[in-house]
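In case you want the letters, here they are:
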Amino acid sequence: MAEIAPDNGGAPYHPNRAKWRRYEVRTLDYERAPFLVIWEVTRACDLACVHCRASALPRRDPDELSLDEARRLFGRIRALGTRLLVLTGGDPLKRPDIYALIEAASKAGLDPSLSPSVTPLLTEESLRRARDAGLSAVSLSLDGAKDTSHDTFRGVSGSFARTLEMAEAVRRAGLDLRINTTVTSSNLHEMEAIARLTARMAARIWSVFFLVPTGRAQASQQITSRQCEDLMLCLYRHSCEAPFRIKTTEAPHYRRVVLEAMAAEAGHPVEEILRATRSGRGRFMPGINDARGFAFISHTGEVYPSGFFPLAAGNVRDTSLELMYRDSVLFRDLREPERLKGRCGRCPFRSVCGGSRARAFAASGDPLGEDPLCAYEPAPVSASGAA
């Protein structure tokens, strides 16, 4: 991930947000604790999105983690030093105990946010109940700038209009609004319009997801590396002017694009800015990526480096989350830039980027391989081993 920030940036005051307002991400050692944990509370969902990583179905899995198991899990997450928790799905509102889950997370000292599907389950009343239980923010998906494109993407007619309506409801409830957009070959041409719409919706964060071919998502839906590069430059320009923050998911090379743009604007060598970033004085958090500052927990308790990465380190029902995050071979290998291969392995930006490990695995079967969505060509390695 790139450019996530816990600061509220002038959002309407709400006590559930204020308690973590000054939380500093740099107090965490990503070798020992994730900055962010995402828990897929259920895989059930009434939508049929063409890109769904979870291949969600309408019915809940009877093997989902229970409320009691969730309470224990929240305590373990907080014990790591982590505070930020996203409750996602499927559609988390398919769980009747979702408000009890939010309350339990908040009481454990976590700052929970919710990523619901826009269905009849999402109402002004459900938002108020979630807020009163301790929720701080809501993420809504917007994958088109008009009803025809968004509704086709989501598989349900009327979803676009309902999303705009619920965005207003989120703000009326006093919750932070975040917009999630998945970039595909079919909506790439609408990204500028989606950015303008996100600003009009008064969102605090625009999370741009770069598709990984897993679940229902197909490789044919991906944009090209050149298109990705152009889009990232566009995102950077928006980040300098837009009233919202921009975060990318499964596209850590956005950091490299921004560092190069900042260097060009400042008239400094990019190496100078890169050194400042590595020392903790740069603009970005220090290299959050799959397994590094991030963990994903499935509805049945499996722990993954990412929700788009199909290899698990174990299950919270029988293995300590702390042990899996800190000491599993899978997580440790993915956190070591020196182990990366191909272009990622010889890239000078690998310590602040590292490429999408989920996409590398989807493309080659090797989680340490190069990320095919990155267009950057680092210098070849010489016979002496120097790049």
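Just so you know, these numbers come straight off a predicted model, no measurement behind them. (Residues numbered from 1 in each chain as written. Predicted model: local features only at pLDDT ≥ 70, side-chain atom pairs only at ≥ 80, totals over all residues. Heavy atoms only, no water.)

A. Fine view of the pattern of salt bridges. Tallied over the full model, the rule gives 26 salt bridges. Residue Arg 60 pairs with Glu 64 through a salt bridge whose shortest N-O separation is 2.6 Å. By relative accessible area, which is 36% here, Arg 60 ends up partly exposed. The partner of Arg 339 in a salt bridge is Asp 333, and the shortest N-O contact between them spans 3.3 Å. Residue classification places Arg 339 among the partly exposed positions, given a relative accessible area of 38%. In the salt-bridge network here, residues are joined through shared partners; they are Arg 60, Glu 64, Arg 95 and Asp 97. (Salt bridge = Lys/Arg side-chain N within 4 Å of Asp/Glu carboxyl O. Buried < 20%, exposed > 50% of the residue type's maximum accessible area, 1.4 Å probe, protein only.)

B. Representation of the nonpolar core in the model. By size, the foremost hydrophobic cluster in this structure holds 93 residues, and its most contacted members are Trp 39, Leu 85, Ile 98, Leu 140, Trp 206 and Phe 210. Beyond its immediate chain neighbours, meaning those up to four positions away, Leu 85 contacts Leu 36, Val 37, Trp 39, Phe 74, Ile 77, Ala 105, Leu 110, Asp 111, Pro 112 and Ser 113. Ile 273, Leu 274, Phe 349 and Val 352 belong to the second largest nonpolar core, which has eight residues in total. (Core = buried A, V, L, I, M, F, W, Y, C linked by side-chain atoms within 4.5 Å. Contact = heavy atoms within 4.5 Å.)

C. Representation of the packing of helix α2 (residues 67-79) against helix α3 (residues 98-107) within the structure. For the pair α2 and α3, the least separation of the axes is 9 Å and the interaxial angle reads 25°. In terms of axis orientation, α2 runs roughly parallel to α3. Taken as a pair, α2 and α3 cross one another with a handedness that is right-handed. The segment α2 lies against α3, with Leu 67, Ala 70, Arg 71 and Phe 74 engaging Ala 100, Leu 101, Ala 104 and Ala 105. When grouped by side-chain class, the residues that make up the contact of α2 with α3 number seven nonpolar, no polar and one charged. (Axes fitted to C-alpha atoms, helices over the stretch in contact; angles between N-to-C directions. Helix = DSSP H or I, 4+ residues; strand = E, 2+ residues; numbered from the N terminus. Parallel < 35°, antiparallel > 145°, perpendicular 65-115°, else oblique. Left-handed = near helix turned anticlockwise from the far one by under 90°. Nonpolar A, V, L, I, M, F, W, Y, C, P; charged D, E, K, R; others polar.)

D. Representation of the sheet that holds strand β5 (residues 176-183). Strands sit in the order β7-β6-β5-β4-β3-β2-β1-β8-β9-β10 across an open sheet of ten strands; the sheet is mixed. Both edges of this open sheet fall to β7 (245-249) and β10 (314-315), since each of them pairs with a single strand only. Across two bridges, strand β3 (residues 111-114) lies against strand β4 (residues 137-141) in parallel orientation. Counterpart to Leu 114 in the pairing with β4 is Val 138. Contacts between α3 and the sheet are confined to β1 (36-40), β2 (84-88) and β3, with β3 contributing the most and set at about 150° to the helix. (Pairing = 2+ DSSP bridges.)

E. Quick peek at the packing of aromatic side chains. A full pass over the atoms with the stated rule returns seven aromatic pairs. Across the ring face of Tyr 325, the terminal group of Arg 335 is positioned such that the distance to the ring centre comes to 4.7 Å. (Phe/Tyr/Trp six-rings, centres within 6.5 Å; stacked < 30°, edge-to-face > 60°. Lys NZ or Arg CZ within 6 Å of the ring centre and 35° of its normal.)

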